[in-house]
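Here is how the chains run, residue by residue.
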Amino acid sequence: MYATYLWVKSFHLLFVVAWMSSVFYLPRILVNLAEAGDEPAVRARLALMGRRLYRFGHTMFGLAALLGVVLWLGYRVVDGFPTMVGSPAGWLHAKLALVALLLAHFIVAGRWVKGLDKGRGLPSSKALRIFNELPVLALLVIVWLVLAKPF
């Protein structure tokens, strides 16, 4: 049963990495869109890339979340399935709060991409560059929480 646990955990991490790649890259596409000026072909290509990346990111997040729930509650359903959550589990609550903030960040970026089709503008490229860096800090804290389990 421990081998199953390791496979579930491995796929969870794979989907988290795939989702985080879209969390990191979608704002970068927005920066490029903000700096593209009046080049319609470039803007159309970047907008298409953004929409596709946003869709991909949602799929990866869904798979990561599903497997995260299995890791969290699998021991209640499958005999012999280990749990990664002991007591106290405050670190898990903090991690999930940061994941929720990352998801909100990702959704905001996706709304900006979708808003382009409706003629809405984007924030400045400087604001988007700052927006682009925020997930790095959140991911650093998440990794620390998962490894250290400080509380």
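Residues numbered from 1 in each chain as written. Predicted model: local features only at pLDDT ≥ 70, side-chain atom pairs only at ≥ 80, totals over all residues. Heavy atoms only, no water.

Asker: Help me understand the packing of aromatic side chains in this model?
Answerer: In this description, a pair of aromatic rings is defined by centroid distance and the angle of the planes. Applying the stated rule across the entire model yields seven aromatic pairs. Judged by centre distance (6.2 Å) and plane angle (80 degrees), the ring pair of Trp19 and Phe106 falls under edge-to-face. With a gap of 87 residues between them, Trp19 in helix α1 (residues 2-35) and Phe106 in helix α3 (residues 90-117) connect regions that are remote in the sequence. The structure contains a cluster of three or more aromatic residues connected by ring pairs, namely Trp19, Tyr54, Phe61 and Phe106. Sitting over the face of the ring of Trp91, Lys149 holds its NZ or CZ atom 4.7 Å from the ring centroid. (Phe/Tyr/Trp six-rings, centres within 6.5 Å; stacked < 30°, edge-to-face > 60°. Helix = DSSP H or I, 4+ residues; strand = E, 2+ residues; numbered from the N terminus. Lys NZ or Arg CZ within 6 Å of the ring centre and 35° of its normal.)

Asker: How do you make sense of the packing of α1 against helix α4 (residues 125-148) when you look at a structure like this?
Answerer: For any two helices packed against each other, the geometry is given by the interaxial angle and the distance between the axes. Their axes nearest at 8 Å, the elements α1 and α4 cross at an angle of 170 degrees. As judged from the angle between their axes, α1 and α4 are roughly antiparallel. In this structure, α1 uses Met20, Val23, Phe24, Pro27, Arg28, Leu30, Val31, Ala34 and Glu35 to contact α4, whose residues at the interface are Ser125, Leu128, Arg129, Phe131, Asn132, Pro135, Val136 and Leu139. Along the lines of polarity and charge, the residues of the contact of α1 with α4 split into 12 nonpolar, two polar and three charged. (Axes fitted to C-alpha atoms, helices over the stretch in contact; angles between N-to-C directions. Parallel < 35°, antiparallel > 145°, perpendicular 65-115°, else oblique. Contact = heavy atoms within 4.5 Å. Nonpolar A, V, L, I, M, F, W, Y, C, P; charged D, E, K, R; others polar.)

Asker: Can you help me understand α4 in this one?
Answerer: Three- or four-residue spacings in an α-helix give side chains the same orientation, since the helix completes a turn every 3.6 residues. An ideal rise of 1.5 Å per residue puts 34 Å on 24 residues; α4 measures up with 36 Å between its terminal C-alpha atoms. Within α4, burial applies to Leu128, Phe131, Asn132, Pro135, Ala138, Ile142 and Leu145. Here the buried face of α4 lies against α1 and α3. Following α4 by one or two positions, Lys149 has its phi on the positive side, about 45 degrees. (Expected span 1.5 Å × (residues − 1). Buried < 20%, exposed > 50% of the residue type's maximum accessible area, 1.4 Å probe, protein only.)

Asker: Teacher, can you tell me more about a nonpolar patch on the surface here?
Answerer: Taken together, the side chains of Met1, Val77 and Val78 define a hydrophobic patch exposed on the protein surface, amounting to about 280 Å² of accessible area. Judged by its relative accessible area of 70%, Val77 falls in the exposed class. (Patch = residues over 30% accessible without salt bridge, like charges linked within 9 Å, V, L, I, M, F, W, Y side chains within 5 Å. Areas by Shrake-Rupley, 256 points an atom, 1.4 Å probe, with all protein chains shown as cover. Salt bridge = Lys/Arg side-chain N within 4 Å of Asp/Glu carboxyl O.)

Asker: Help me understand helix α2 (residues 40-77) in this model?
Answerer: Taking 1.5 Å per residue as the helical rise, α2 with its 38 residues ought to reach 56 Å, and the 53 Å between its terminal C-alpha atoms agrees with that figure. Its axis deflected by about 45 degrees at Leu71, α2 carries its strongest bend there. Taken together, the buried positions of α2 are occupied by Leu46, Ala47, Gly50, Leu53, Tyr54, Gly57, Met60, Phe61, Ala64, Leu67, Leu71 and Gly74. The inward-facing, buried residues of α2 abut α1 and α3. (Bend = angle between axes of the 7 residues up to and from the residue.)

Asker: Help me understand unusual backbone geometry in this model?
Answerer: Trans peptide bonds make up most of the peptide bonds, and negative phi angles are found at most residues other than glycine. For Lys149, which is not a glycine, the phi torsion comes out positive at approximately 45 degrees. The topology assignment puts Lys149 in the segment after α4. The class of Lys149 is partly exposed, set by a relative accessible area of 40%.

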